[in-house]
Protein chains: 2
Amino acid sequence: MAMEATTTLPFLLFLFLGLLLILFTSSRYPSLNTHLKFIRIQAKEPSPTSHLDHLTEIPQHPLDPLTLQEITKVQTILSSYSPFTSSFPTIHTVCLHEPDKSLVWNWNKGDPLPPRQAFVIAYLDGKSNVLVVDIGSSQVVSHVLNPYSGYPILIPEDMESAIKIPFRDARFNKSIMDRGVNLSDVICGPLAAGWYGPNEEGRRLVKVECFSHQGTVNFYMRPIEGLIVMVDVDKKEVVHFTDYGHGIPIAESTNTDYRYSAVQNKPLNMNPINPISMEQPKGPSFKVDGHMVKWANWEFHLKPHPRAGVVISQAMVRDSESGKLRRVMYRGFPSELFVPYMDPSDAWYFKTYMDAGEYGMGLSALPLVPLNDCPRNAYYMDAVFGASDGKPYVRSNMICIFERYAGDIAWRHSESSFSNMEVREARAKITLVVRMAASVGNYDYIIDWEFQMDGLIRVKVILSGMLMVKGTPYQTLDQAPDGQNMSGTLVSENLIGVVHDHFIAFHLDMDIDGSDNSFVNVHLKKQETSPGESPRKSYLKVERQVAKTEKDAQIKFKLYDPSEYHVVNPNKKSRVGNPVGYKVVPGGNAASLLDLHDPPQIRGAFTNNQIWVTPYNRSEEWAGGLLVFQGKGEDTLAVWSERDRPIENKDIVLWYTLGFHHIPCQEDFPIMPSVSSSFDLKPVNFFESNPILRVAPNVQEDLPVCRAATSA
Amino acid sequence: MAMEATTTLPFLLFLFLGLLLILFTSSRYPSLNTHLKFIRIQAKEPSPTSHLDHLTEIPQHPLDPLTLQEITKVQTILSSYSPFTSSFPTIHTVCLHEPDKSLVWNWNKGDPLPPRQAFVIAYLDGKSNVLVVDIGSSQVVSHVLNPYSGYPILIPEDMESAIKIPFRDARFNKSIMDRGVNLSDVICGPLAAGWYGPNEEGRRLVKVECFSHQGTVNFYMRPIEGLIVMVDVDKKEVVHFTDYGHGIPIAESTNTDYRYSAVQNKPLNMNPINPISMEQPKGPSFKVDGHMVKWANWEFHLKPHPRAGVVISQAMVRDSESGKLRRVMYRGFPSELFVPYMDPSDAWYFKTYMDAGEYGMGLSALPLVPLNDCPRNAYYMDAVFGASDGKPYVRSNMICIFERYAGDIAWRHSESSFSNMEVREARAKITLVVRMAASVGNYDYIIDWEFQMDGLIRVKVILSGMLMVKGTPYQTLDQAPDGQNMSGTLVSENLIGVVHDHFIAFHLDMDIDGSDNSFVNVHLKKQETSPGESPRKSYLKVERQVAKTEKDAQIKFKLYDPSEYHVVNPNKKSRVGNPVGYKVVPGGNAASLLDLHDPPQIRGAFTNNQIWVTPYNRSEEWAGGLLVFQGKGEDTLAVWSERDRPIENKDIVLWYTLGFHHIPCQEDFPIMPSVSSSFDLKPVNFFESNPILRVAPNVQEDLPVCRAATSA
């Protein structure tokens, strides 16, 4: 049986996390083009500009990600770097070490690029090596050992060995067989262990949980409940074996598959929908030049990132009056996620994921599905990442860019009269969307950056994919002695969708018309009138409070104590004297209610507030810390902010955390209809007046002439 | 000069509120068709189904609005109704008196319609007459006098006389001339007086404020500040004249006009945008039969309403498993608006509007602008309303219905592998939108009802139009001794955008699989673990609290004390035993902070909570009361709810209030880029599983073949 298991393992592994592609492409260069072509064909649709040839690509901009050739060079440099000559480390991170901010802002197209450097996290002999490699001079210019308690992001080999190890354990195999499950039907997942004190620290631990994929691709809905094997991925040994799952059946595979090929034969029970498509017969209006995107009044740099997924840099908007490009944001990206599940039991307590730092949002992003993940006419951007052997590989179609017209209204007004002064003015809203989608195990995170012509940037997080479900003996609620005490909702027979939260912290380095900005709490306060002052008893008064230090900017939202939150340039005033600025406009949100001293909350402490503001510090990028895996939370946004540094009229970074409480429901089974929330970055006295006042209305004459394809 | 003024008045009037059309069409029937044709031509685009011929239209459904012929009949009946024979009242409201709910649910297509009745509010000799007229029997079946303290909605004649009266007052004319303004450039507005105690009650009062339209159509940006004339619209006399505005200049007209014809010559300063359009070469997928709309798995009744604007009735969704139509909502509509401005000074304190009950959202809705207010392929629905003389008129293209594909994702998941088990599944999201846009004086309210195939209904309110601005002597902030003490933002020279709130209360009569429902507060509570129970210190626990009476369901949102709010059918369980239901999912929101005893807050008391639940009571439709104009707030949602009636397992109505704080900024000048917020009604254990699991993916072959029109 053990033999049987091991033979099936590579296959099972590849099924589980999106990593074969990595080993595959990074190990065989010739296949690279073939692979790219394959994706090209898959995409079917023309792209507005042709893709780069990654084999010959050279960087065009100081912030361009490392090219295939540069990553190869870095690998060569590290191979001959003395500490690594005896044995080469595993590379957990390799990406651009960005030049200093001032160099980047001062760089102009045509200037020589600042020195190209790589940021590398390499793991060797139980130690995390954080290095900066200068590519031009082939020098390691910085090398720090174990700067923090945690470990680097998990690499494919870690996960592969982690899920292999249990199959060498007789107890594990017996547990599987006792349940009547074929080992060949078992798929295991390498779950991040979180950090829970002395028993589980000082070594790299992964908790392995398994599923049966018999009869379905949706193995997530068939957990082998209660069987958790803790393994040391360095020593490659089982540290702790537990099986709390006796008597808990494995849920049936019926109705769990979600592939169209598997469900299309059942009736849909709705009226058919005619094809509908966003059509641009003259093509999209945006231009992509390498990693620079230009559209309408916007220009920004866009790149994939192994950890953040997508990074938007140097977002600038053209002034509607002067026509000058003006700085809005130096850098924006999802910094960390925190996903605590609400079940303290032995098999579940540790499920408190930090997906960016433990698995990588970019590394988990697979090629987008044309026409379904992104509309026709979308432009697809590939990522070039480094594998754990230091070699580069290409993740195709990882980002898409498209123009959106959703039938919305940018502004309107009607005045009524039949006279020559009748007014019926309305303008259609057209926007530009940048999208990526990460499949971190069961969950899918879609992250949109939407740019509007009125200067607004909407950041939207969309959740889909599969629930993390818990097996239960109960088929229906009446069998449950106390339904209230289940850790979630019975979403199907023998399956509980466990309650959980999602938090995504965004790093928003605002540079409104320059680097030195201030954070202003524009507070709305109830003001009672004095006797005789007015027939009114009360009204709202605006009080502007400029944050002096970080603690002034630790913000918890209160519906009954509202404020607007402005980032302004105190050194630049509008024509009538208002400081120019942007405000962050929250949409729906949720806060973490966990105990502040709870280990997961200490690591996810960036959720202690919805807004934070820190002085710019290039080392403070990751809200949960640089080394998140099993980290103890000594390097988080909350720790940095506690230093209470001055932030008035300084180069500041705004941090916004978007949250969701998720109480699952049956509609989330077997795959979740997408749920979303967003926040906006909105100009406030940044423009002298409505910047889209002069946008032209849609006219019939401009609309395309279309016919159904099938009538071709 | 007085002569000069009066001659210009009809013209000025027509400019100010959208009412000429009314007088126009209602006074000349022959022009009706011409008028309709005119609008048809204006629309340019074909509609998926042909419009009704209003002259011959007969009702098809118990909830269909009164037809042109029916309104005419009602007018005839009232003319011979004894109390009105001596003198005919002014008709402030005439619309369908809906049949009892049970009759409507039990009615099937083909059945005879229940008796057609009209609900009428008629004003005569200082008294409000509330009547129900049976059209078949030509009888007045109910007649109540002055049921409440307030007065009915303002009619065109009220506003016309209100804004004429000041011109007969020498002080008024002098004030205008002292400012060097030509009377012929003056446009006045009839502002609702609110209710501020004994001095301003017992008679119908309108406060007249004026503007200069010299050099611009955007007279709102040129207020004649401080000049407020309070008039008695019944006695047609000036009650109170005040001018606090001496020394406050009228802002320049420069840069205030927003019409494309007036601004297109200035440069736009952005890259051009190629045409983009939602194309459906096979046409839209929805069907409109009279007022019934059918699309995908949805069916609902849709009608215009003079006060609410749009009413959605009998919303039903087809079950994804059984294929049966299931009840979701009996009736949904915006019940009242509350818009308090935050300036207690003499010329501003009373600006606390309740737009639905004072002006009428439907009456203020003008024809939508094709291709800009709504996309190509939108279907436009007309309204038939009654004028103040009781005669009917047609408001064309008041509602639009369209299908939306915005490039969004309905659900997705990727599993990574190159094997035959590779999974890359994604589905595009297509929705159906119902839209209306009311121009209530300066402000535009766009209200969208968006239906999704996954059973979700999104209700979205979009704000645009013009700010209500206050004149100030200051051209720039440095001239202001204390900027903090201004009641808003200096948005342009001599203009303050005054801080204000918007609240829109929605009446949502949920009937989940039947009339008897319960409201459940699904509370997320922090639970500390007991020592040794778990390495975790805390987690979230779900507690379901069923509301027994109304006070249990008076909900204020708290970020740190969160709940889900479910309307469930306690008599119907899902396969695994969950009660079937829908939840209301808040998006961004704002609460009223005004003193609970402040007169405007007493009238707008429906904003004291974000959610209320009341037992169904056909007389409880308008959250601010039936007679809102100068009402004292004795007939509001807050008063009804205070009775604390049982609501468990009863026919209940959910009330949700969406709020906005608006601190104006320069970008809002001279016309506001749209701002929006929304809430969702989302199925929760209503379907046994994901209802869109089997929706087909988009494929290349279905996409239209388009070319640019100009290349035709």
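Numbering of residues starts from 1 in each chain and follows the order in which that chain's sequence is written. For naming, the first written chain is A and the first written ligand is 1, with later ones following in the order written. In view of the model being predicted, local features appear only for residues whose pLDDT reaches at least 70, and side-chain atom pairs are presented and counted only at 80 or more, with totals across whole chains, interfaces and linings using the full set of residues. For the side-chain quantities, the full set of heavy atoms in the structure was used; hydrogens and water were omitted.

Chain A appears in an unreviewed UniProt entry as Amine oxidase from Aquilegia coerulea. UniProt positions are given in the numbering used here, feature names are shortened, and annotations may be inferred rather than shown by experiment. Per UniProt, the comment on chain A under Sequence similarities (unreviewed entry) is "Belongs to the copper/topaquinone oxidase family."

Peer 1: Could you give an account of the interface of chain B and chain A, with specific residues and numbers?
Peer 2: Note on contacts: a residue pair qualifies if any of its non-hydrogen atoms lie within 4.5 Å across the two residues. Taken residue by residue, the interface counts 205 residues in chain B and 204 residues in chain A. Note on terms: buried area is the combined drop in 1.4 Å-probe accessible area of two parts once they are placed together, counting the loss on both. Carbon and sulfur atoms make up 57% of the surface buried where chain B meets chain A, a total of about 18,200 Å² over both sides. Salt bridges are defined by distance alone: a side-chain nitrogen of Lys or Arg within 4 Å of a carboxyl oxygen of Asp or Glu. On the surface where chain B and chain A come into contact, there are 12 salt bridges. With a closest N to O distance of 2.7 Å, glutamate 493 of chain B and arginine 575 of chain A form a salt bridge. What qualifies as a polar contact is a pair of N or O atoms within 3.5 Å, subject to a donor-acceptor requirement within protein and to the restriction that residues adjacent in sequence count only when both atoms come from side chains. The interface formed by chain B and chain A holds 96 residue pairs in polar contact (both at pLDDT 80 or more) in total. Helical segments are the DSSP runs of H or I of at least four residues, strand segments are the runs of E of at least two, and each set is numbered from the N terminus. No other element matches strand 17 (residues 392-415) of chain B, which puts 14 residues into the side of chain B that touches chain A. Each residue gets one label: Ala, Val, Leu, Ile, Met, Phe, Trp, Tyr, Cys and Pro are nonpolar, Asp, Glu, Lys and Arg are charged, and the others, such as Gly, are polar. Looking at the side of chain B that touches chain A residue by residue, the class counts come to 99 nonpolar, 56 polar and 50 charged. When DSSP finds two or more bridges between a pair of strands, those strands are recorded as paired. One ladder, built from 3 bridges, connects strand 9 (residues 277-279) of chain A with strand 9 (residues 277-279) of chain B; its direction is antiparallel. Bridge assignment links glutamate 279 of chain A to a residue of strand 9 of chain B, and that residue is serine 277 of chain B.

Peer 1: Explain the relation of the copies chain B and chain A residue by residue, including any values.
Peer 2: Alignment of copies: least-squares fit on C-alpha atoms of residues with pLDDT of at least 70 in both copies. Rotating chain B by 180° and translating it 0.0 Å along the rotation axis places it on chain A, where the RMSD comes to 0.0 Å. Such a combination of rotation and displacement between the chain copies is what one expects of a two-fold axis. In this assembly the copies share their binding face: 100% of the residues contributing to the interface of chain B also contribute to that of chain A.

Peer 1: With reference to specific residues and values, describe the UniProt feature "domain: Copper amine oxidase N3-terminal" (unreviewed entry) in chain A.
Peer 2: As annotated by UniProt and renumbered to match this structure, "domain: Copper amine oxidase N3-terminal" (unreviewed entry) occupies residues 152-250 of chain A. In this annotation, residues 152-250 of chain A is assigned 18% helix and 32% strand; the end-to-end C-alpha distance for the span is 34 Å.

Peer 1: Could you give me a rundown of the nonpolar core, with the residues and numbers involved?
Peer 2: Only buried residues count toward a nonpolar core. Its members are Ala, Val, Leu, Ile, Met, Phe, Trp, Tyr and Cys residues joined through side-chain atoms within 4.5 Å. Note on classification: 1.4 Å probe, protein chains only; a residue is buried when its accessible area is under 20% of the maximum for its type, exposed when over 50%, partly exposed between these limits. The biggest cluster of nonpolar side chains holds 288 residues, and the ones touching the most others in it are Trp449 and Phe519 of chain A together with Trp449 and Phe519 of chain B. Excluding residues within four positions of it along the chain, tryptophan 449 of chain B makes contact with Ile312, Met329, Gly332, Phe333, Leu432, Val433, Val434, Ile457, Arg458, Val459, Phe506 and Leu508 of chain B.

Peer 1: Could you give an account of the environment of glutamate 160 of chain B, naming the residues involved and the relevant values?
Peer 2: Residue and element names in this part refer to chain B. With respect to the helices and strands, the residue glutamate 160 is situated in helix 7 (residues 156-164). Judged by its relative accessible area of 22%, glutamate 160 is partly exposed. Note: C-alpha distance between glutamate 160 and phenylalanine 241 (81 residues apart in sequence) is 18 Å.

Peer 1: Pulling in residues and values, what's your account of helix 8 (residues 170-178) of chain B?
Peer 2: Residue and element names in this part refer to chain B. Within helix 8, the full set of buried residues consists of Phe172, Asn173, Ser175 and Ile176. Burial along helix 8 is one-sided: seen end-on, the buried residues are contained in an arc of 160°. As for helix 8, its buried residues are in contact with strand 5 (186-192), strand 6 (205-212), strand 7 (223-232) and strand 8 (237-243). Note on helix 8: the residue one or two positions beyond its end, glycine 180, has a positive phi of about 70°. The arc in question is the one traced by the directions running from the helix axis out to the C-beta atoms.

Peer 1: Can you tell me about the sheet that holds strand 5 of chain B, naming the residues and giving the values?
Peer 2: Residue and element names in this part refer to chain B. Read from one edge to the other, the open sheet built from 4 strands follows the order 5-6-7-8, with strand pairing classed as antiparallel. Of all strands in the sheet, those with a lone pairing partner are strand 5 and strand 8, marking the two edges. Adjacent strand axes in the sheet meet at a mean angle of 30°, parallel and antiparallel pairs treated alike. Pairing analysis gives 6 bridges linking strand 7 to strand 8, with the strands arranged antiparallel. When the sheet's bridge partners are listed, valine 229 is paired in strand 8 with phenylalanine 241. Across the sheet, helix 7 touches strand 5, strand 6 and strand 7, and the angle it forms with strand 5 is around 125°. Interaxial angle, 0 to 180 degrees, is taken between N-to-C directions of lines fitted to C-alpha atoms, where a helix line uses only the stretch in contact.

Peer 1: Outline the domain arrangement of chain A, listing residues and values.
Peer 2: Residue and element names in this part refer to chain A. What fixes the domain bounds is an automatic or database domain assignment. Taken domain by domain, chain A consists of domain 1 (9-33 + 155-263), domain 2 (45-145) and domain 3 (335-352 + 478-694). Inter-centroid distance (C-alpha atoms) of domain 2 to domain 3 is 32 Å. In this assembly, 10 residues from domain 2 lie in contact with 8 residues from domain 3. In this assembly, domain 2 packs against domain 3 so that about 630 Å² is buried in total across both faces, 53% of it on carbon and sulfur atoms. Applying the counting criterion to the domain 2 and domain 3 interface returns 4 salt bridges.

Peer 1: Describe the UniProt feature "domain: Copper amine oxidase N2-terminal" (unreviewed entry) in chain A, naming the residues involved and giving the relevant values.
Peer 2: UniProt's feature table lists "domain: Copper amine oxidase N2-terminal" (unreviewed entry) at residues 61-142 of chain A, given in the numbering used throughout. End C-alpha to end C-alpha, residues 61-142 of chain A measures 23 Å, and it is 27% helix and 33% strand.

Peer 1: Tell me about the sheet that holds strand 2 (residues 117-124) of chain B, and name the residues and values.
Peer 2: Strand pairing in a sheet is mediated by backbone hydrogen bonds. Such pairs are either parallel or antiparallel. Residue and element names in this part refer to chain B. Strand order in the open sheet made by the 4 strands is 1-2-3-4, with antiparallel pairing throughout. Lying at the two open borders of the sheet, with one neighbouring strand each, are strand 1 (90-96) and strand 4 (139-145). Within the sheet, the average angular offset between the axes of one strand and its neighbour, ignoring direction, is 20°. Bridge analysis of strand 2 against strand 3 (residues 127-134) gives 8 bridges, and the strand direction is antiparallel. When the bridges of strand 3 are listed, alanine 118 appears paired with valine 133.

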